[in-house]
Amino acid sequence: MEHKCMQCPRRCGVDRAAGQLGYCGVPWEFSVARAALHQWEEPSISGKNGSGTVFFSGCNLRCVFCQNREVSHHALGQTVSADRLAELMLRLRDEGAHNINLVTPTPYALQLVDVLRTVRPKLGIPIVYNCGGYESVETLRLLDGLVDVYLPDFKYADAALASAYSGAGDYFEVALAALSEMLRQVGPPRFDADGMLLGGVIVRHLVLPSHRKDSIAVLRALAERFGSGAFLLSLMSQYTPDFAMDCPDSALHRRVTTFEYGSVLDEAQNLGFDGYFQSRSSASSAFTPDFYGSL
Ligand code: SF4
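The rules behind the values
- Residues numbered from 1 in each chain as written.
- Predicted model: local features only at pLDDT ≥ 70, side-chain atom pairs only at ≥ 80, totals over all residues.
- Heavy atoms only, no water.
- Helix = DSSP H or I, 4+ residues; strand = E, 2+ residues; numbered from the N terminus.
- Rg over C-alpha atoms; globule rule 2.2 N^0.38 Å.
- Buried < 20%, exposed > 50% of the residue type's maximum accessible area, 1.4 Å probe, protein only.
- Contact = heavy atoms within 4.5 Å.
- Areas by Shrake-Rupley, 256 points an atom, 1.4 Å probe, with all protein chains shown as cover.
- Pairing = 2+ DSSP bridges.
- Axes fitted to C-alpha atoms, helices over the stretch in contact; angles between N-to-C directions.
- Parallel < 35°, antiparallel > 145°, perpendicular 65-115°, else oblique.
- Left-handed = near helix turned anticlockwise from the far one by under 90°.
- Nonpolar A, V, L, I, M, F, W, Y, C, P; charged D, E, K, R; others polar.
- Salt bridge = Lys/Arg side-chain N within 4 Å of Asp/Glu carboxyl O.
- Core = buried A, V, L, I, M, F, W, Y, C linked by side-chain atoms within 4.5 Å.
- Right-handed = clockwise from strand over helix to strand, strands pointing away.

We now examine the overall build of the protein. Helices and strands together make up the secondary structure of the protein, namely 9 helices and 10 strands. For the protein, whose C-alpha radius of gyration is 18 Å, the value lies close to the compact-globule estimate of 19 Å for 295 residues. In terms of its C-alpha atoms, the protein occupies a principal-axis envelope of roughly 50 × 45 × 35 Å. Counting only residues that meet the buried cut, the protein has 56% of its 295 residues in that class. Sequence separation of 24 or more characterises 72% of the internal contacts of the protein that already satisfy a separation of 6 or more. Just so you have it, the protein exposes about 12,100 Å², and 51% of that area is on carbon and sulfur atoms.

So, in structure tokens, the structure goes:
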């Protein structure tokens, strides 16, 4: 049966099951680049044991500065069946993972519905949907009740930036609608006795060099639309130019300055956001996971 992929806002209409590729560059079957405990998420996600990350291949944004470009741009990964994917999640749980962290799951969101229905009751730990924020509300609705924590980026306010860096001029409106649906599903943050996140939303925002005003516009828009207490904010300074040196826009060829990050941080605190604020020392390509091991 022909299947036209419309599951994310790109609405490519290609038949991935027949080998056609859309913007995300991956076929219909699950493709996984890495499944391992990961320590470098926010403290309420990583905890002391680590988050059980499953890095999926492909991406529907493919940002020009992406730190994981072998996986996002070049679709590095291994094809796995739905049963094997469930086994990987159970293995991570058995290794002590505090949660199952689905990284860049967007091209597989529909396929994940059945897997999560089956495996979630056996796991007994939260399911985290860790994405770029460019999501279809219709697809997210199918995940209602299957995801405990949404961990979306909110990358841009400005359409020209979103278009230049992620090929998504409608990013702001799409991400705003998606975040609204995520908040509707999981509500405000909830923690266990050890401070681990059981449910809710963490919005990540990466401050980009030369674009602190856009960061401030993002924060103001989110505060105005949702209030600053609806979700946790993770304000990231870890931008590294190592992955963007071939980008013609020289604005991306340096790190974020102390002034740039500090001015965005001041605005976040003035707006009353709570969450996670990074030190600039974390701006390093060493944070990129190894994607060349076995699963
Ligand atoms: S999931 Fe991939 S193929 Fe499907 S609409 Fe999105 S980018 Fe296109």
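There is more to say after this.
Burial runs high along strand β8 (residues 197-206): 9 of the 10 residues are buried. Bridge count between strand β6 (residues 149-152) and β8: 2 bridges; the pairing is parallel. Within β8, the position partnered with Tyr 150 by the bridge is Val 201. Two strands pair when backbone bridges link them, and strand β7 (residues 190-191) and β8 are joined in this way by 2 bridges, in the antiparallel orientation. From the neighbouring strand, Phe 191 faces β8, where its bridge partner is Leu 197.

Contact pair helix α8 (residues 212-226) / helix α9 (residues 258-270): the axes reach a minimum separation of 9 Å and the direction vectors enclose 15°. Accordingly, the angle class assigned to the pair α8 and α9 is roughly parallel. Relative to α9, the crossing made by α8 is right-handed. Packed against α8, whose contacting residues are Arg 212, Ser 215, Ile 216, Leu 219 and Arg 220, the element α9 presents Phe 259, Glu 260, Ser 263, Val 264, Glu 267 and Ala 268 at the interface. Here the contact of α8 with α9 is built from residues that sort into 5 nonpolar, 2 polar and 4 charged.

Attention shifts here to the pattern of salt bridges. For the coordinates displayed, the defined rule picks out 12 salt bridges. One salt bridge connects Arg 84 with Glu 87, and the closest N-O pair in it is separated by 3.8 Å. One end of the pair, Arg 84, and the other, Glu 87, are both in helix α3 (residues 82-94), 3 residues apart, so they sit about a helical turn from each other. Arg 84 sits in the partly exposed class, given a relative accessible area of 32%. Look at Glu 87 and you get partly exposed, because its relative accessible area is 46%. Close ionic contact of Arg 184 with Glu 181 constitutes a salt bridge, the shortest N to O distance being 2.9 Å.

Here we come to the nonpolar core. Grouped together as the largest cluster of nonpolar side chains are 81 residues, with contacts concentrated most on Phe 65, Leu 85, Met 89 and Leu 222. Residue contributions to this core peak at 9 residues, all from helix α7 (residues 171-186). Not counting residues up to four positions away in its chain, the partners in contact with Leu 222 are Phe 154, Leu 176, Leu 179, Val 203, Gly 227, Phe 231 and Phe 273. Within the second largest apolar cluster, 8 residues are counted, among which are Ile 45, Val 149, Leu 197 and Leu 232.

In this section: the pairing of strand β5 (residues 127-131). Two faces, one strand: in a regular strand the side chains alternate between the faces of the sheet. Where burial is concerned, most of β5 is hidden: 5 out of the 5 residues are buried. Of the two faces of β5, the one holding Ile 127, Tyr 129 and Cys 131 and the one holding Val 128 and Asn 130 are both buried throughout. Pairing analysis gives 4 bridges linking strand β4 (residues 100-103) to β5, with the strands arranged parallel. Looking at β5, one finds that Ile 100 is bridged to Ile 127. Taken together, the 4 bridges between β5 and β6 define a ladder with parallel strand orientation. Looking at the pairing, Val 128 lines up with Val 149 of β6. Taking the sense of rotation as the criterion, the β-α-β connection linking β5, helix α5 (residues 137-142) and β6 turns out right-handed.

Okay, the packing of α7 against α8 next. A pair of packed helices can be characterised by two numbers: the angle between their axes and the separation between those axes. Orientation of α7 relative to α8, taken along the N-to-C sense of each, is 40°, at an axis distance of 12 Å. As the angle between them shows, α7 and α8 are arranged oblique. In this structure, α7 meets α8 at a crossing whose hand is right-handed. The segment α7 lies against α8, with Phe 172, Leu 176, Leu 179, Ser 180 and Leu 183 engaging Ala 221, Leu 222, Arg 225 and Phe 226. In terms of residue class, the contact of α7 with α8 is made up of 7 nonpolar, 1 polar and 1 charged.

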